[in-house]
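Structural characterization, general
Below are the chains, spelled out letter by letter.
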Amino acid sequence: MASATIGRRNVKFAFLLPALIYLMLMAILPLVWTLTLSFTKWHANIMPKPEWVGLDNFKYFLFQDLRFWHALGFTSMYVGISVTGELVLGLILATLLSQKFRGKNFFRVIYLIPMACPPIAVAFLWRMMLHPDIGIINTMLTSIGLNGVKWTTSANVAPFTIIMVDIWEWTPFMFLALLAALQSLPTELYQAAAVDGANSWKMFIHITLPLIAPVIVTISLIRVIDAFKLFELVFGITGAGPGSSTESLSFYVYIVGMKWFKLGRGSAASWLFLIILLIFAITLISRFKKQRT
Amino acid sequence: MRKHFWLITLFIVLTLLFTTSIVFAGTKPAEEKPTVMEKAEEMPAEKAPEVDLTVPITVLVTDPHIQVVDTWKPIWEAQTGGKIEVVLVPYATLEEKMWLEFRTKTGSFDIACVPVTWLGEVFGGGHAENLEPYMEKYGYPGWDDVMPGVQRITKWMGKVMALPYDGDNHLTYYRKDALEVPKYQAQFKEKYGYMYQIPPANWSEVRDIAEFFNKWDWDNDGEIEYGVAFIAQQNSQAMWSFMDVCAQYTTIAGTPSNYTSNIFFDTETMEPLCKSPGWVEAMTRIQELTEFAPPGLLGYGYSELRQAFVSGNSAIAFDWGDIGIQEQKPVEYGSKVKGLLGYGPLPGAKKYFDRKTNKWVEKQHTVNFLNFGGWVWIIPKAAPHKDAAYKFGVYMTNPEHSLLDVCGIHGYTGANPWRWSHFKTPSAWVRGGWGEESVKGYLKAISDILQDPNAVPDLLIPGTPEYYTGAGSSLDVHLNAVLSGKISPQEGCERIYKDWVRITEEKGFEQQKAFYRGSLGLK
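Here we look at the overall build of chain A
Per the secondary structure count, chain A includes 12 helices and two strands. Along chain A, helices (α) and strands (β) appear in the sequence α-β-β-α-α-α-α-α-α-α-α-α-α-α when read from the amino end. Taking 293 residues into account, the globule formula puts the C-alpha radius of gyration at 19 Å, and chain A, at 25 Å, lies well above it. Its C-alpha atoms put chain A at 80 × 70 × 30 Å along the principal axes. Looking at chain A as a whole, 43% of its 293 residues qualify as buried. Considering only contacts in chain A between residues 6 or more positions apart, those separated by 24 or more positions represent 67%. When the 23 positive and 12 negative side-chain charges of chain A are each reduced to one mean point, those points stand 8 Å apart.

Shown next, in the form of structure tokens:
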């Protein structure tokens, strides 16, 4: 009997083993590898092997490197504004397109196109359209007598250009998820509210929003995590400039680690990035759980 | 739950140990033992085996230079039965691709076209082949025909490590239909109280000319034109635009020494000169010029600048020789300025800061600066077909072929004249689409700079890319912040200074000092 139990347990582990090995090779090993590297100095184009430096890399980013903090600041601002904008616009579009009118399927498809485009293609498309000298948008503005805007070449405007393009690209994601949520709501509640004399706005505030709140939190979280990894738009539109006004955290990590092969520092920056994201995600989820209970 | 906790902990600890052992196992330096191939390369010429040219040769190249490879590839393949495979990457990712190969040694390419400014670490790190054994074995056609300045950039510690391909320095380009129009000249004189020289003699004149010709339709084509254009895009080559100005205010021409033809570091103390009044003045000047430039200036990399200038949007531009080539090609590059451009050396300055006396010296002078240095071909240590790659490199850069690549016959190749013979064959240039007068002026402007024995060499020491554009450290980033008005010129210079001090310390103070002094020809 005992040997049969051990045999069954072995079979269970035998089935789990391939997945565990895969997980170790593809997820755990790289994580542990970069964690180990983050305690070393390894300027890979001049040093044959890493040197142990303890916490120096973390201290450097946290206490000496203003550019790291600037990148974090820009990324946080970008995430806050773009995700909020996408959520609001997505909710408006979903509410409008959940109504009955002719041709709504056409609009639903049209609104999904930006999300389907590869981000780097989106970046280059907008880079050309927003070109301060020859871009179609400034050409249109000047043709109606307005001044052209330095979309990508002004340190004050460029951060908002990146945000604008991100909103254009990712509002459809919010719209799609919220539309599905809206269409799954029970109609009885609205009928009862109508009998009680509630107007559309009150129904939206007191019925619709509370019911779709879990969806809003989920998709916001997904977008926040995704937006924190901002890279392609910066790479393709502004190259992180002017100055470092549009330098995102992941772009900075890429430059440190991949462009200049400071693998120790790059790994430390990656881990700091991961920790910041985790703190943010855990805080958001736990707050949501508290509200639910 | 407790059992699972210990299992997970054990799993993580084992993984950690495994990873740490891999990380610290280290890699054996590549240069420890000569390989069989290296031994073969040292064989005397008569014993050397014939090269098998039918092997596939992988070429790593960036955008303008692809034109050269594409031109010679089909002919080479037809003549040898070999195969040329091209890995084309944008300039922004070329360095990353190159270093990935040097670290992994996978033999992903046989020969690469790279900028000289990166070569301190490439050669110093032993990542590229010493080409002298190949030159002995297979020869190199017309080595004496290569200009001395260009020969110099192919060498490291006295040995030829790269094949020459390009002679590089910035020129002044100006629109003759703006600066040479008597009516405009009279208006300018009335406004500013003096008459500028053609080409402009100093950056003060450039500033006034740029302001005068900014934002109006001076060529009567129905479009607004601007005063001045130069490369200003971040993560591109903007720092060389700045160094054009910086060289004039920071030093004076002379045999390179601590106080003459020296713009980067004090040769005695290795202290960066970035905080010197000369640098701050240059930073102020270039920031001022952005006011008289097209609105998209900070997005101008080399491609954008060239396209914009030959489409006629500015009165003056500063660039390598490539604008001249694109000027000649209305169909291919949309040039609207064929025959309308004049060429000259870089503008000088009315004063320079003399560090010896710690005073400004009021004196009109010009310093020639060898920006960038040029592109060269290197063969990585791990290249699978080194001999064939060398032969292909020679094939592209021999006197006859290279002439066709630089003179415009093959269009815009990113290669500018670098052999004496390139300057002595104007007929080829005329076949490349040039007017006879134009080509005279163009070649004179380039050769005057390349032949100047006192020209300031570019920064060619280990870490140059980091001093210029490095992560968290660069001239490039702080310059861009100044150009966009985010920080003042003074603050920009102070930030660069701090970064450069840190980089020098990280690289090793004494080593950097020795390399820097060596790059100026000082003992």
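Digging into the overall build of chain B
Within chain B, the regular secondary structure consists of 24 helices and 15 strands. The buried share of chain B, taken over its 523 residues, is 61%. Of the roughly 20,000 Å² of accessible surface on chain B, a fraction of 56% belongs to carbon and sulfur atoms.

Some thoughts on the nonpolar core
If you look at the biggest cluster of nonpolar residues, it comprises 167 residues, and the most contacted ones within it are W279 and I378 of chain B. Element by element, the count of residues in this core is highest for helix α11 (residues 238–250) of chain B, at nine residues. Those residues within four positions of I378 of chain B in sequence are excluded, and the remaining contacts are M98, F102, D110, I111, A112, V114, L119, V122, F123, A128, M161 and A162 of chain B. Counting 58 residues, the second-largest nonpolar core is a separate cluster that includes L93, V165, F228 and W271 of chain A.

Some details on the sheet that holds strand β7 (residues 171–175) of chain B
All names here are of chain B. Read across the open sheet, the four strands follow the order β8-β9-β7-β10; overall the sheet is mixed. In the strand order of this sheet, the two ends are held by β8 (226–229) and β10 (341–344), each with one partner. With strand direction ignored, the average angle separating the axes of adjacent strands in the sheet is 15°. Summarising the sheet, β7 and β10 pair through four bridges and their orientation is antiparallel. What sits directly across from T172, in β10, is G344. Along the sheet, helix α10 (residues 203–212) makes contact with β8 and β9 (314–319), crossing β9 at roughly 145°.

Here we look at the pattern of salt bridges
Evaluated as defined, the whole model comprises 31 salt bridges over all chains. In this structure, the salt-bridge partner of K386 of chain B is E129 of chain B, at a minimum N-O distance of 3.8 Å. Remark: E129 of chain B occurs in the loop between α5 (119–124) and α6 (132–138) and K386 of chain B occurs in helix α16 (residues 386–397); sequence separation between them is 257 residues. Each member of the pair, K386 of chain B together with E129 of chain B, is buried. Here R175 of chain B ties to D177 of chain B by a salt bridge, and the two come within 2.8 Å at their closest N and O atoms. The class of R175 of chain B is buried, set by a relative accessible area of 2%. One salt-bridge network, in which partners are shared between bridges, spans K262 and R265 of chain A together with E121, E466, D499, R502, E506 and K507 of chain B.

Considering the interface of chain B and chain A
Every contact between the two is made by 46 residues of chain B and, on the other side, 47 residues of chain A. Between chain B and chain A, the buried area comes to about 4,000 Å², and carbon and sulfur atoms account for 62% of it. Our enumeration of links across chain B and chain A arrives at 10 residue pairs in polar contact (both at pLDDT 80 or more). At the level of secondary structure, the elements contributing two or more residues to the side of chain B that touches chain A comprise α1 (2–25), α4 (91–104), α21 (464–469), α22 (475–483) and α23 (489–507) of chain B. Per element, the largest residue contribution to the side of chain B that touches chain A is nine residues, and it comes from α1 of chain B. Among the residues forming the side of chain B that touches chain A, the class breakdown is 17 nonpolar, 19 polar and 10 charged.

Describing the pairing of strand β3 (residues 111–115) of chain B
Residue and element names in this part refer to chain B. Of all five residues in β3, five are buried; the element is thus mostly enclosed. Because side chains alternate across β3, one face comprises the buried residues I111, C113 and P115, and the other comprises A112 and V114, equally buried. Here strand β1 (residues 56–62) runs beside β3; their pairing, made up of two bridges, is parallel. Residue pairing across strands places V59 opposite I111, the latter belonging to β3. Sheet topology note: the β3/strand β14 (residues 375–378) ladder contains four bridges and is antiparallel. Counted as the bridge partner of A112 is I378 from β14.

Some remarks on the sheet that holds strand β6 (residues 163–164) of chain B
All names here are of chain B. If you trace the five strands from one edge of the open sheet to the other, you get β2-β1-β3-β14-β6, paired in mixed fashion. The two strands at the open ends of the sheet, each matched to only one other strand, are β2 (83–89) and β6. Bridge count between β6 and β14: two bridges; the pairing is antiparallel. Bridge pairing in β14 links L163 to W377. Packing against the sheet, helix α3 (residues 66–80) makes contact with β1, β2 and β14, and its axis sits at approximately 170° to β2.

Quick notes on the packing of aromatic side chains
Scanning all chains against the criterion turns up 66 aromatic pairs over all chains. Positioned over the ring face of Y60 of chain A is R265 of chain A, at 3.7 Å from the centre of the ring. Sitting above the plane of the W360 of chain B ring, K351 of chain B keeps its charged end 4.3 Å from the centroid.

As for a nonpolar patch on the surface
Taken together, F13, L16, L17, L20, I21, Y22, L23, L25 and M26 of chain A make up a surface patch of nonpolar side chains, about 880 Å² in accessible area. Relative to the elements of secondary structure, L17 of chain A occurs in helix α1 (residues 2–37).

Looking at helix α13 (residues 302–310) of chain B
What α13 of chain B keeps buried is the set Y302, L305, R306, A308, F309 and V310 of chain B. Of the residues flanking the end of α13 of chain B, it is G312 of chain B, one or two places downstream, whose phi is positive at about 95°.

A short note on the environment of S261 of chain B
Residue and element names in this part refer to chain B. Residue position: S261 is located in the loop between α11 and α12 (277–289). Separated by 138 residues in the primary sequence, S261 and P399 place their C-alpha atoms 31 Å from one another. Not counting the four nearest positions on each side in its chain, S261 is found in contact with T251, I252, A253, G254, P256, N454, V456 and L520. Here the side chain of S261 touches N454 through a polar contact of 2.8 Å, landing on its backbone oxygen.

Digging into the packing of helix α7 (residues 158–183) of chain A against helix α9 (residues 200–228) of chain A
Each packed pair of helices is defined by two parameters, the angle between the axes and the distance between the axes. Residues and elements named next belong to chain A. Their axes nearest at 10 Å, the elements α7 and α9 cross at an angle of 145°. At the point where α7 passes α9, the crossing takes the right-handed sense. Contacts between α7 and α9 involve D166, W170, F173, M174, A177, L178, A181 and L182 from the former and T208, I212, V215, I216, I219, S220, I222, R223 and D226 from the latter. Looking at the contact of α7 with α9 residue by residue, the class counts come to 12 nonpolar, two polar and three charged.

What about the packing of α16 of chain B against helix α17 (residues 399–406) of chain B?
Residue and element names in this part refer to chain B. Two numbers describe how α16 lies on α17: the axes approach to 5 Å, and their chain directions differ by 60°. The orientation of α16 with respect to α17, classified from their angle, is oblique. For the pair α16 and α17, contact is made by Y395, M396 and T397 and by P399, H401, S402 and D405, respectively. Grouping the constituent residues of the contact of α16 with α17 by class yields three nonpolar, three polar and one charged.

Cut-off values and rules
- Residues numbered from 1 in each chain as written.
- Chains lettered and ligands numbered in written order.
- Predicted model: local features only at pLDDT ≥ 70, side-chain atom pairs only at ≥ 80, totals over all residues.
- Heavy atoms only, no water.
- Helix = DSSP H or I, 4+ residues; strand = E, 2+ residues; numbered from the N terminus.
- Rg over C-alpha atoms; globule rule 2.2 N^0.38 Å.
- Buried < 20%, exposed > 50% of the residue type's maximum accessible area, 1.4 Å probe, protein only.
- Contact = heavy atoms within 4.5 Å.
- Lys, Arg positive; Asp, Glu negative; His and termini not counted.
- Charge placed at Lys NZ, Arg CZ, Asp CG, Glu CD.
- Areas by Shrake-Rupley, 256 points an atom, 1.4 Å probe, with all protein chains shown as cover.
- Core = buried A, V, L, I, M, F, W, Y, C linked by side-chain atoms within 4.5 Å.
- Pairing = 2+ DSSP bridges.
- Axes fitted to C-alpha atoms, helices over the stretch in contact; angles between N-to-C directions.
- Salt bridge = Lys/Arg side-chain N within 4 Å of Asp/Glu carboxyl O.
- Buried area = accessible area lost by both parts, 1.4 Å probe.
- Polar contact = N/O pair within 3.5 Å; in protein donor to acceptor, adjacent residues only side chain to side chain.
- Nonpolar A, V, L, I, M, F, W, Y, C, P; charged D, E, K, R; others polar.
- Phe/Tyr/Trp six-rings, centres within 6.5 Å; stacked < 30°, edge-to-face > 60°.
- Lys NZ or Arg CZ within 6 Å of the ring centre and 35° of its normal.
- Patch = residues over 30% accessible without salt bridge, like charges linked within 9 Å, V, L, I, M, F, W, Y side chains within 5 Å.
- Left-handed = near helix turned anticlockwise from the far one by under 90°.
- Parallel < 35°, antiparallel > 145°, perpendicular 65-115°, else oblique.

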